[in-house]
Amino acid sequence: MVSIDETNEKNFILLLYDKILNEANAYRIIGYLKYYVTDCENFTIQFNVNSKTGAKGVNFKDIKILSLGQKVVAMLDFILGYSEYSEDYRPLIIDQPEDNLDNSYIYYNLVKQLRDTKEKRQIILATHNATIVTNSMSDLVCVMDSDGRNGWIKRYGYPGNKIIKKEIVNCLEGGIESFKHKQEIYKEVLK
């Protein structure tokens, strides 16, 4: 039996390396890794697609066959719920969670999740969606600008601030004329 200390540690590792990692063992090592990486373990993630639709019952589907929007919902549920499970309340940064989601889901589900989550952890969110900004009870809105190379904060403030409201309309609703046009188009169903 050989005692390993600082003086012979390097020599021992080199000896071990020569005995195990040589050409004769290469095929065995590759076979071993291939078996344990591809053949032995097969993981799947399933998501209850009824959990956010209001449909009754449980309908688990493999995440590989979900639509892109359903995958986004599954990942957002996981990310936003993980802090409770792990008791990890570090700040969370999310870039454009609205991608591939319909506005109904955003309003009825994502906004509520964001409100609930922000009670326990800080959320920094980049979005082009007015529904998220105005309905998730944002504490601070930063309006960004860019010259194509660098970005900076153009304005910031509380969402109730008149200047910030105007920025929200301009940036997220397409401008005042666009917003008024939407109101005119939808006025008969908004009554």
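What you see is a predicted model, and the numbers here were worked out from it, not measured in a lab. (Residues numbered from 1 in each chain as written. Predicted model: local features only at pLDDT ≥ 70, side-chain atom pairs only at ≥ 80, totals over all residues. Heavy atoms only, no water.)

(A) Quick look at the nonpolar core. Membership of the largest hydrophobic core comes to 18 residues, with the highest contact counts inside it found for Phe-47, Leu-80, Leu-101, Ile-106 and Leu-110. At the level of secondary structure, the elements contributing two or more residues to this core comprise helix H3 (68–86), strand S3 (92–95) and helix H4 (103–117). Sequence-distant contacts of Leu-80, defined by excluding residues within four places in its chain, comprise Leu-92, Ile-94, Leu-110, Gln-113, Leu-114 and Thr-117. Counting seven residues, the second largest nonpolar core, distinct from the first, contains Val-133, Val-141, Ile-168 and Leu-172. (Core = buried A, V, L, I, M, F, W, Y, C linked by side-chain atoms within 4.5 Å. Buried < 20%, exposed > 50% of the residue type's maximum accessible area, 1.4 Å probe, protein only. Helix = DSSP H or I, 4+ residues; strand = E, 2+ residues; numbered from the N terminus. Contact = heavy atoms within 4.5 Å.)

(B) Representation of the state of the cysteines. One pass over the full model with this rule turns up zero disulfides. Left unpaired, Cys-142 is separated from the closest cysteine sulfur, that of Cys-171, by 12 Å. Residue Cys-171 is classed as partly exposed on the basis of its relative accessible area of 44%. (Disulfide = S-S within 2.5 Å.)

(C) Summary view of the pairing of strand S5 (residues 141–146). As paired strands, S5 and strand S6 (residues 151–157) are joined by six bridges and run antiparallel to one another. Bridge pairing in S6 links Val-141 to Gly-157. (Pairing = 2+ DSSP bridges.)

(D) Summary view of the layout of surface pockets. Approximately 900 Å³ is the volume found for the largest pocket. Around the largest pocket, the lining is made up of 27 residues, and of these Leu-125, Ala-126, Leu-140, Val-141 and Cys-142 lie nearest the centre. Looking at the lining of the largest pocket, the elements that each hand over two or more residues are strand S4 (123–126), helix H5 (130–135), S5 and helix H6 (162–172). Of the residues in the lining of the largest pocket, the class split is 16 nonpolar, six polar and five charged. Taken as a whole, the second largest pocket encloses approximately 400 Å³ of empty space. Taken together, 13 residues form the lining of the second largest pocket, with Asn-103, Thr-131, Glu-173, Phe-179 and Lys-182 sitting closest to its centre. Taken together, the elements giving at least two residues each to the lining of the second largest pocket come down to H4, H5 and helix H7 (176–190). With five residues, H7 is the largest single contributor of residues to the lining of the second largest pocket. (1 Å grid on protein atoms, 1.4 Å probe; cavity = no way out; pocket = protein on both sides within 12 Å on 5 of 7 lines; lining within 4 Å. Points joined across faces, edges and corners; volume = space filled by probe spheres on them. Nonpolar A, V, L, I, M, F, W, Y, C, P; charged D, E, K, R; others polar.)

(E) Seen up close, the packing of aromatic side chains. As enumerated under the stated definition, the model contains three aromatic pairs in all. Seen from their ring centres, Tyr-82 and Tyr-85 are 6.0 Å apart, and the 45° between their planes marks the pair as tilted. Separated by three residues within a single helix, Tyr-82 and Tyr-85 lie in helix H3, roughly one turn from each other. By relative accessible area, which is 37% here, Tyr-82 ends up partly exposed. By relative accessible area, Tyr-85 is classed as exposed at 72%. Ring geometry for Tyr-107 against Tyr-108: centres 4.9 Å apart, planes inclined by 85°, an arrangement best described as edge-to-face. Classification of Tyr-107 by relative accessible area gives partly exposed; the value is 41%. Accessibility expressed as a relative area gives 58% for Tyr-108, which makes it exposed. (Phe/Tyr/Trp six-rings, centres within 6.5 Å; stacked < 30°, edge-to-face > 60°.)

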